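# Close look at the chain arrangement
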Amino acid sequence: MAGIVKDWQIELIEAHRGLFCPPAGNPGAALGYPRCEGGWHDLIQRLCVRLEAALGDDERIHLDRIREAVGRLRVSWRGQVMPATICRIHEAIALAEARSACTCELCGEPGRLYLDDGVCMARCAAHARGTPLADESESNRMHIVRMPRCDGSGYEPRRYDRENDNFVDPPPDEEE
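Now for a description of the structure that goes with this document. Predicted, not measured: the structure shown is a model, and the values here were computed from it.

## Observations regarding the overall build of the protein
- Helices and strands together make up the secondary structure of the protein, namely 4 helices and 9 strands.
- Counting across all 176 residues of the protein, residues that qualify as buried make up 38%.
- Accessible surface computed for the protein: about 10000 Å², of which carbon and sulfur atoms make up 49%.

See the structure below:
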């Protein structure tokens, strides 16, 4: 017996309706419908769980856009939340964006950024096309990102550790 096949984006939207606010009967029309390949399904699922955990009891946000750009996940949102919540939201999004840069967008395996005919993409060795954008040395296994400071005073460098899916402080010689 053949069952109805749903795509992972629709299942994600239905599982996190409060973030996506899909139109009744048409979850595929949600503004935040993920416009990226299935290899990033897990990291977007983690993002949704983190976003929901970041919100206070009376706080709501809406995901306006989830897409791939220049080989990385890009997320935009809107909502009225407390400043501390904004900081947690930025952290959750930054974790997902950092993970996307080292996760194959096609299969979800560890990967890296490649440039192929002017197009940047995150791919594993099996799906790679083009030229790698970084070397494979030990120092490049963690990715540096610029995180907005919660006090609004600028940005701070953070190092993303894919194995543990978290940020660690960079060594003092790498700080800006």
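## Overview of the sheet that holds strand S1 (residues 34–35)
- If you trace the 3 strands from one edge of the open sheet to the other, you get S1-S2-S3, paired in mixed fashion. The sheet is open, and its two edges are formed by S1 and strand S3 (72–80), each paired on a single side.
- Looking at chain direction, S1 and strand S2 (residues 60–69) are connected through 2 bridges and run parallel. Counterpart to Arg35 in the pairing with S2 is Arg67.
- Here helix H3 (residues 41–54) sits on the sheet in contact with S1, S2 and S3, set at roughly 160 degrees to S2.
- Against the sheet, helix H4 (residues 83–100) makes contact with S2 and S3, and its axis sits at roughly 165 degrees relative to S3, the strand it touches most.

## Structural notes on the packing of aromatic side chains
- This structure, assessed with the given rule, holds 1 aromatic pair.
- Look at Tyr160 and Phe167: their rings are 6.0 Å apart centre to centre, the planes differ by 75 degrees, and that puts the pair in the edge-to-face class. Residue Tyr160 shares its accessibility class with Phe167, and that shared class is buried.

## Looking at the sheet that holds strand S5 (residues 119–123)
- With antiparallel pairing, the 3 strands of this open sheet are ordered in space as S5-S4-S6. Because the sheet does not close on itself, it has two edges, and the strands there are S5 and strand S6 (131–132).
- Two strands pair when backbone bridges link them, and strand S4 (residues 112–116) and S6 are joined in this way by 2 bridges, in the antiparallel orientation. Residue pairing in the sheet places Tyr114 in a bridge with Pro132 of S6.

## Brief notes about the packing of H3 against H4
- Axis separation between H3 and H4 bottoms out at 9 Å; the angle between their running directions is 170 degrees. Taken together, the axes of H3 and H4 are roughly antiparallel relative to one another. Packed against H3, whose contacting residues are Leu43, Arg46, Leu47, Arg50, Leu51 and Ala54, the element H4 presents Thr85, Arg88, Ile89, Ala92, Ile93, Leu95, Ala96, Arg99 and Ser100 at the interface.

## Some words on H3
- Counted at 1.5 Å a residue, the expected span for H3 with its 14 residues is 20 Å, and the 20 Å between its end C-alpha atoms agrees.
- For H3, the set of buried residues is Leu43, Ile44, Leu47, Cys48, Leu51 and Ala54. Around the axis of H3, the buried residues are gathered within 145 degrees of arc, so they sit on the same side.
- Each element contacted by the buried residues of H3 is listed here: helix H1 (8–15), helix H2 (17–20), S1, S2, S3 and H4.

## Some points on the state of the cysteines
- Taken as a whole, this structure holds 1 disulfide when the rule is applied.
- Between the sulfur atoms of Cys87 and its disulfide mate Cys150 the distance is 1.4 Å. You can see Cys87 sitting in helix H4 and its partner Cys150 sitting in the loop between strand S7 (142–148) and strand S8 (155–161), a full 63 residues away along the chain.
- A disulfide-free cysteine, Cys107 has its sulfur positioned 3.7 Å from the sulfur of Cys124, the nearest such atom.
- When its relative accessible area of 35% is taken as the criterion, Cys107 is described as partly exposed.

Criteria and cut-off values
Residues numbered from 1 in each chain as written. Predicted model: local features only at pLDDT ≥ 70, side-chain atom pairs only at ≥ 80, totals over all residues. Heavy atoms only, no water. Helix = DSSP H or I, 4+ residues; strand = E, 2+ residues; numbered from the N terminus. Buried < 20%, exposed > 50% of the residue type's maximum accessible area, 1.4 Å probe, protein only. Areas by Shrake-Rupley, 256 points an atom, 1.4 Å probe, with all protein chains shown as cover. Pairing = 2+ DSSP bridges. Contact = heavy atoms within 4.5 Å. Axes fitted to C-alpha atoms, helices over the stretch in contact; angles between N-to-C directions. Phe/Tyr/Trp six-rings, centres within 6.5 Å; stacked < 30°, edge-to-face > 60°. Parallel < 35°, antiparallel > 145°, perpendicular 65-115°, else oblique. Expected span 1.5 Å × (residues − 1). Arc of directions from axis to C-beta. Disulfide = S-S within 2.5 Å.

All we've got here are geometric facts, nothing functional implied.
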